[in-house]
Amino acid sequence: MDHQEEFRRAALDAGIPDDEISRFAQHLRLTIGLSAGGAGTVVGHLGGLPRLPVDTPWPSAGDAPLPLLLSVDCAALPRIDGFPLPADGTLLFFVDQEKDHEDTSGSHARVVHVPHGTETVLAEAPDPSWAREPADVTAALGAELPLWLQEGDEDEDWHEFWEDLEWDDMSPFQQRLAQYMEDELPHLDDLRTLAHGLWPSGGGIVLGGYVDHEVIGHLAEQTLAGREKEGEIPPIPIAQWPTHLEKETHRLATEWISLAAQGRSYEEYCTSFVIRHDDLAALRLDKALPMTRFEAP
């Protein structure tokens, strides 16, 4: 299905100008929400045991095997533009969440693609204590926008920033974003409502979409500091660092995509796997970065 055309037709029927629809659609990403116990076709499993290629060892970090978080059947997933998942085979997500939370090296997680037609065997759990019963998951589409275009939520501090910050207190970069929304997207509320009406799914785990703002902010800090250290950019005065960081975060948000992200749940670990668009398209899944957080109340 051509989702962009579906959205365009619905927006035109609502009386929104075509050029504004095109501008909004540049920022709109569809996601695949995975829900346990939902109605519909089973597309994967939470937990359980993986089918690994014959003679392939269980993924591990050194001598420590990594628990299986999720497996998905790529051929059973809906196809969406801008999210180049493998067309077939199985994607397996392994992570030791406690250790990944303590160590940002990424060595305690793996993303593995088993191509269709590969001879596989059902692996035996190295440690039965974390081989939990598998839970079937089904898929549904959702719509997602970058943080600065999302609809407000009174529980989110970032929304209070856009609602309450005076123009003169904004940085030049923030002013440009605010002016863009006012000048180029006058029907923003209607467009957001329409997109979320067409594709309302959330899901306990979401494939695709924008990288969580805390994760992309962390990547931006590392990238900007690295570029400065290597001499790729001139030294940044401390007073100008926040504006440069905003710009870098905005840039990386278009370069990176969320491969899979667990929804936040208090007093539990939640893991995001993020990857550059180009690496995903080339199936360089070893380039996927995990980030695990513990959500305290």
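Up top is the structure these notes are about.
In this numbering scheme, every chain counts its residues from 1 along its sequence in written order. In keeping with the predicted nature of the model, local features appear solely for residues at pLDDT of at least 70, side-chain atom pairs appear and are counted solely at 80 or more, and the whole-chain, interface and lining totals rest on all residues. Each side-chain value is derived from all of the structure's non-hydrogen atoms; neither hydrogens nor water enter the calculation.

Participant: Would you explain the nonpolar core in this entry?
Facilitator: As a rule of thumb, nonpolar side chains are buried together in soluble globular proteins. Nonpolar core, defined: a set of buried Ala, Val, Leu, Ile, Met, Phe, Trp, Tyr and Cys residues in which side-chain atoms within 4.5 Å join the residues together. Each residue's exposure class comes from its accessible area (1.4 Å probe, protein chains only) as a fraction of the maximum for that residue type: buried when under 20%, exposed when over 50%, partly exposed otherwise. In terms of nonpolar packing, the biggest core is built from 48 residues, with L34 and L259 touching the most fellow members. Secondary structure follows DSSP: runs of H or I at least 4 residues long count as helices, runs of E at least 2 residues long count as strands, and numbering of each begins at the N terminus. Take this core: its biggest share by element is four residues, from helix 6 (residues 188–198). The next biggest cluster of nonpolar side chains, apart from the first, holds 12 residues, and it includes V211, I216, I236 and L252.

Participant: For this particular structure, what's the right way to read the sheet that holds strand 10 (residues 135–144)?
Facilitator: Hydrogen bonding along the main chain pairs the strands of a sheet, whether they run parallel or antiparallel. Pairing between strands is defined by DSSP: at least two bridges between the two strands are required. The strand order across the open sheet built from 10 strands is 8-7-6-2-10-1-11-12-13-14, with neighbouring strands paired in antiparallel fashion. One side of each edge strand has no neighbouring strand; the edge strands of this open sheet are strand 8 (109–114) and strand 14 (289–295). If you compare each strand with its neighbour and ignore which way they point, the axes differ by 25° on average. Note: strand 1 (residues 29–36) against strand 11 (residues 205–207), three bridges, orientation antiparallel. Counted as the bridge partner of L34 is I205 from strand 11. Across the sheet, helix 7 (residues 213–229) is in contact with strand 12 (256–262), strand 13 (268–276) and strand 14; its angle to strand 14 comes to roughly 125°. The contact criterion used throughout is that any non-hydrogen atoms of two residues lie within 4.5 Å. Lines fitted to C-alpha atoms define the axes, with helix axes restricted to the stretch in contact, and inter-axis angles between N-to-C directions lie between 0 and 180 degrees. Sheet strands in contact with helix 8 (residues 241–255) are strand 1, strand 12 and strand 13, and its direction is about 80° off that of strand 12.

By themselves, these are just geometric observations and shouldn't be taken as functional.
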